[in-house]
Amino acid sequence: MAIRTILTQGDPALNKKCHPVTKFDGKLGDLLDDLKETLAQANGMGLAAPQVGILRRAVIVVPDPEKDEMIELINPEIVAEEGEQDGLEGCLSIPGMWGYVKRPNWVKVRAQDRRGNWFETEGTELAARCFCHELEHLEGHMYDEHTDRLYTSEELDDMMSGEEEDRRRERE
């Protein structure tokens, strides 16, 4: 396993549509293992193969940050979605920036595992957001296309501090 370099906004690979995975072999296993190690090192919620320069339809998702679980999704597609949520998103390929993005509140994803077996998984709230975000990378899109404004970490800290102060005043 190896930690790979995560490409950042402006790299042309991030804007290209990925090809389906057709070979379920050791090379794919190595890619998935590298994606997992890279994601863990970066402390992220998901990582798509194009973010490390591989134009294949493969992603790793952490559906629940409180559990030590990473889901491998090969050739994934969203087959159902419901509801709507509006929340903050960040991306390892746009480091230090955040934006508010509307996403479905629940999604069901159909994908293959590293051996080529089809399965379905689903997620709500943060997991649904993560599935949608990572699958968009496979189409050459990024979350900043859905937001009116990107915020720096410092701006977010200021916003959160202001909200905490407002809540404190309401309790008094």
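Summary of the structure given here.

Criteria and cut-off values
- Each residue is numbered by its place in its chain's sequence as written, counting from 1.
- Only residues with pLDDT of 70 or above have their local features reported here, since the model is predicted, and side-chain atom pairs are shown and tallied only from 80 upward, although totals for entire chains, interfaces and linings are computed over all residues.
- Side-chain numbers here rest on the full set of heavy atoms in the structure, without hydrogens or water.
- A run of H or I in DSSP counts as a helix once it spans at least four residues, and a run of E counts as a strand once it spans at least two, with each numbered from the N terminus.
- Between the two quantities, the radius of gyration covers C-alpha atoms and the globule rule is 2.2 Å times the number of residues to the power 0.38.
- Only protein chains enter the accessibility calculation, which uses a 1.4 Å probe; a residue is then buried when its area is under 20% of its type maximum, exposed when over 50%, and partly exposed in between.
- Every residue pair with non-hydrogen atoms within 4.5 Å of one another is taken to be in contact.
- By this rule, a helix spans an expected 1.5 Å times one less than how many residues it contains.
- Ring pairs are drawn from Phe, Tyr and Trp, using the six-membered ring of Trp, whenever the two centres fall within 6.5 Å, and their geometry is named by plane angle: stacked under 30 degrees, edge-to-face over 60, tilted for the rest.
- Ring-over charges, as used throughout, are those where CZ of Arg or NZ of Lys falls within 6 Å of the ring centre and within 35 degrees of the ring normal.
- A pairing counts as a salt bridge when a side-chain nitrogen of Lys or Arg comes within 4 Å of a carboxyl oxygen of Asp or Glu.
- A 3.5 Å cut-off defines polar contacts: any pair of N or O atoms within that distance qualifies, except that in protein one atom must be a possible hydrogen donor and the other a possible acceptor, and neighbouring residues in sequence count only when both atoms are side-chain atoms.
- Here, nonpolar core refers to any group of buried Ala, Val, Leu, Ile, Met, Phe, Trp, Tyr and Cys residues whose side-chain atoms link them within 4.5 Å.

A separate point is the overall build of the protein chain. Each helix and strand counted, the protein chain has 3 helices and 8 strands in total. Reading the protein chain from its N terminus to its C terminus gives the helix and strand order α-β-β-β-β-β-β-β-α-β-α. Against the 2.2 N^0.38 benchmark of 16 Å for 172 residues, the protein chain shows a C-alpha radius of gyration of 17 Å, consistent with a compact globule. Principal axes of the C-alpha set define a box for the protein chain whose edges measure 60 × 30 × 30 Å. Taken over 172 residues, the protein chain has a buried fraction of 41%. Of all intrachain contacts in the protein chain linking residues separated by at least 6 positions in sequence, the fraction that spans at least 24 positions is 64%.

Helix length check: helix H2 (residues 126–137), at 12 residues, gives a terminal C-alpha distance of 17 Å against a target of 16 Å (1.5 Å per residue), a fit within 8%. Judged by how many residues are buried, H2 sits mostly within the fold: 11 of 12 residues are covered. Of all the residues in H2, the buried ones are Ala-127, Ala-128, Arg-129, Cys-130, Phe-131, Cys-132, His-133, Glu-134, Leu-135, Glu-136 and His-137.

Evaluated as defined, the whole model comprises 1 aromatic pair. Ring centres of Tyr-100 and Tyr-151 lie 6.1 Å apart, and the angle between their planes is 85 degrees; this geometry places the pair in the edge-to-face category. Here Tyr-151 lies in strand S8 (residues 151–152) and Tyr-100 lies in strand S5 (residues 94–103), a separation of 51 residues in the sequence. Since its relative accessible area comes to 17%, Tyr-151 is described here as buried. Sitting over the ring of Trp-118, Arg-110 keeps its end group 4.0 Å from the ring centre.

Our focus in this paragraph is the pattern of salt bridges. According to the stated counting rule, one finds 12 salt bridges in the structure shown. Where Arg-114 meets Asp-33, a salt bridge forms, and the shortest distance between an N and an O atom there is 2.8 Å. Note that Arg-114 is positioned in the loop between strand S6 (106–112) and strand S7 (118–124) and Asp-33 in helix H1 (residues 26–42), a separation of 81 residues in sequence. The exposure class assigned to Asp-33 is partly exposed, which follows from its relative accessible area of 22%. A salt bridge links Arg-57 to Glu-139; the nearest nitrogen and oxygen atoms lie 2.8 Å apart. Of this pair, Arg-57 sits in the loop between strand S1 (46–48) and strand S2 (58–61) while Glu-139 sits in the loop between H2 and S8; the two residues are 82 residues apart in sequence, bridging distant segments of the chain. In the salt-bridge network here, residues are joined through shared partners; they are Asp-33, Lys-36, Glu-72 and Arg-114.

This next bit is on the side chain of Gln-85. Tracing the backbone shows Gln-85 in strand S4 (residues 85–91). Among the polar contacts made by the side chain of Gln-85, one reaches the side chain of Arg-129 at a distance of 3.4 Å. Contact partners of Gln-85, with chain neighbours within four places excluded, come to Val-101, Lys-102, Arg-103, Pro-104, Asn-105, Glu-125, Ala-128 and Arg-129.

In this section: the nonpolar core. One finds Val-59, Val-61, Leu-73, Val-107, Val-109 and Phe-131 to be the most contacted residues of the largest nonpolar core, which totals 16 residues. Elements that contribute at least two residues to this core include exactly S2, strand S3 (71–82), S6 and H2. Looking at which element gives the most residues to this core, the answer is H2, with 6 residues. Every residue in contact with Val-107, bar those within four places of it in the chain, is listed here: Ile-78, Ala-80, Glu-81, Thr-121, Glu-122, Gly-123, Ala-128, Phe-131 and Cys-132.

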